[in-house]
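# Coordinate inspection notes
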Amino acid sequence: WAFFIDTARMAKERGDIWVIGYFLVSAQLTVYYVALRLVEYATQFLSGAVSMTMPLLAADYAKNDLVDLINKIFLFTRLNTILAIMTVSGFVLFAEEFFKLWMGDTFQYETAYFLCLIVLIGKLTAFASAPICGGFMAINKPKPLAAVSASEGVASLTLTILLVNL
């Protein structure tokens, strides 16, 4: 199941670049990729900051302490949600100016800002729900997670194709 989950995750995370590159010109792909990279920097930082969840959840499951496992899933989901809201707030306030400073006045920073917010909402929704996915992995139930990952990958690719062709 891990291979299936990783394949679906790759389709979800990198399929958009392939679709945009195929249907649009490279200049538009560059604007999208700049926005995507800024979001990825933020999500990598956030994921690294809370990467202790999986060992703690697995330890509770190994001790057969399901009450503590569920409490930790709720706690980490709340923590991730708070961090996601703070990150979105920071991006709303500062990302457009950051793009302007980073890439210059001639870069389509308004478009990059708009794309950044769209991508950010999706990535941080996944970040906020990551403890739930970690709970499935900790209790050795990857099948529901694989189904969710596959549906996310198909939805992401489908929406990207539809939006690019508008």
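What you see is a predicted model, and the numbers here were worked out from it, not measured in a lab.

Let's shift gears to the packing of helix α6 (residues 130-138) against helix α7 (residues 142-164). Relative to each other, α6 and α7 sit at 140 degrees, their axes nearing to 8 Å. Taken together, the axes of α6 and α7 are oblique relative to one another. On α7, the residues that touch Cys133, Phe136 and Met137 of α6 are Pro142, Pro144 and Leu145. Here the contact of α6 with α7 is composed, by residue class, of six nonpolar, no polar and no charged.

Bringing a nonpolar patch on the surface into the picture now. Judged by side-chain polarity, Tyr41, Phe98, Trp102 and Met103 come together as a nonpolar surface patch covering roughly 390 Å² of accessible area. Look at tryptophan 102 and you get partly exposed, because its relative accessible area is 39%.

A few words on the environment of alanine 126. Mapped onto the elements, alanine 126 comes out in helix α5 (residues 109-128). Relative accessible area serves as the criterion here: at 33%, alanine 126 is assigned to the partly exposed category. Separated by 105 residues in the primary sequence, alanine 126 and glycine 21 place their C-alpha atoms 24 Å from one another.

Here the focus is the pattern of salt bridges. Oppositely charged side chains may form a pair once their charged atoms are brought near each other. Per the counting criterion, the structure on display carries four salt bridges. A salt bridge links arginine 37 to glutamate 40; the nearest nitrogen and oxygen atoms lie 2.3 Å apart. Note that arginine 37 and glutamate 40 are positioned in helix α2 (residues 26-49) at a spacing of three residues, about one turn of the helix. Each of the two residues, arginine 37 as well as glutamate 40, counts as buried. Among the ionic contacts, a cluster of salt bridges with common partners joins Asp60, Lys63, Asp68 and Lys72.

A word on the packing of helix α4 (residues 66-103) against α6. Running from amino to carboxyl end, α4 crosses α6 at an angle of 150 degrees, the nearest separation of the two axes being 8 Å. Taken together, α4 and α6 sit at an angle that is classed as roughly antiparallel. Contacts between α4 and α6 involve Ile73, Phe76, Thr77 and Asn80 from the first element and Ala130, Pro131, Ile132 and Gly135 from the second. Considering only residue class, the contact of α4 with α6 consists of five nonpolar, three polar and no charged.

Our next topic: unusual backbone geometry. We note that asparagine 64 has phi near 60 degrees; this positive angle belongs to a residue other than glycine. Its location among the elements puts asparagine 64 in the loop between α3 (53-62) and α4. By relative accessible area, asparagine 64 is classed as exposed at 59%. Phi is positive for asparagine 140, which is not a glycine, with a value near 60 degrees. Along the chain, asparagine 140 turns up in the loop between α6 and α7. Given the relative accessible area of 61%, asparagine 140 is considered exposed.

To continue, consider helix α1 (residues 2-23). Along an α-helix, residues three or four positions apart point the same way, because every turn accommodates 3.6 residues. Compared with an ideal rise of 1.5 Å per residue, which puts 22 residues at 32 Å, α1 spans 31 Å between its outermost C-alpha atoms and is within 8% of the ideal. The sharpest bend along α1 reaches about 50 degrees and sits at arginine 14. Within α1, burial applies to Ile5, Ala8, Gly15, Asp16, Ile17, Val19 and Ile20. Contacts made by the buried residues of α1 are with α2, α6 and α7.

Parameters at a glance
Per-chain numbering applies: the sequence of each chain, read as written, is numbered from 1 onward. Residue-level local features of this predicted model are given only where pLDDT is at least 70; pairs of side-chain atoms are given and counted only at 80 or more, and the full residue set underlies all totals for whole chains, interfaces and linings. Hydrogens and waters are ignored; side-chain quantities use all the structure's heavy atoms. Under this scheme, a helix contributes an axis fitted over its contacting stretch, all axes are lines through C-alpha atoms, and angles between N-to-C directions fall in the 0 to 180 degree range. Strands are runs of DSSP state E lasting at least 2 residues, helices are runs of H or I lasting at least 4, and numbering of each runs from the N terminus. Throughout this description, any angle smaller than 35 degrees is read as roughly parallel, any larger than 145 degrees as roughly antiparallel, any in the 65 to 115 degree range as roughly perpendicular, and the remainder as oblique. Any pair of residues with heavy atoms lying within 4.5 Å of one another is described as a contacting pair. Note on residue categories: nonpolar means Ala, Val, Leu, Ile, Met, Phe, Trp, Tyr, Cys or Pro, charged means Asp, Glu, Lys or Arg, and polar means any other residue, Gly included. A patch is a set of surface residues, each over 30% in relative accessible area and not in a salt bridge, joined within 9 Å for like charges and within 5 Å for the nonpolar side chains Val, Leu, Ile, Met, Phe, Trp and Tyr. Using the Shrake-Rupley algorithm and a 1.4 Å probe, accessible areas are obtained, with residue cover drawn only from the displayed protein chains. Should a side-chain nitrogen of Lys or Arg be within 4 Å of a carboxyl oxygen of Asp or Glu, the pair is scored as a salt bridge. Summary of the burial criterion: residues with accessible area below 20% of their type's maximum are buried, those above 50% are exposed, and those between are partly exposed, where the area comes from a 1.4 Å probe applied to protein chains only. Each helix should span, by expectation, one fewer than its residue count multiplied by 1.5 Å. To get the bend at any residue, fit one axis to the seven residues that end at it and another to the seven that begin at it, then take the angle between the two axes.

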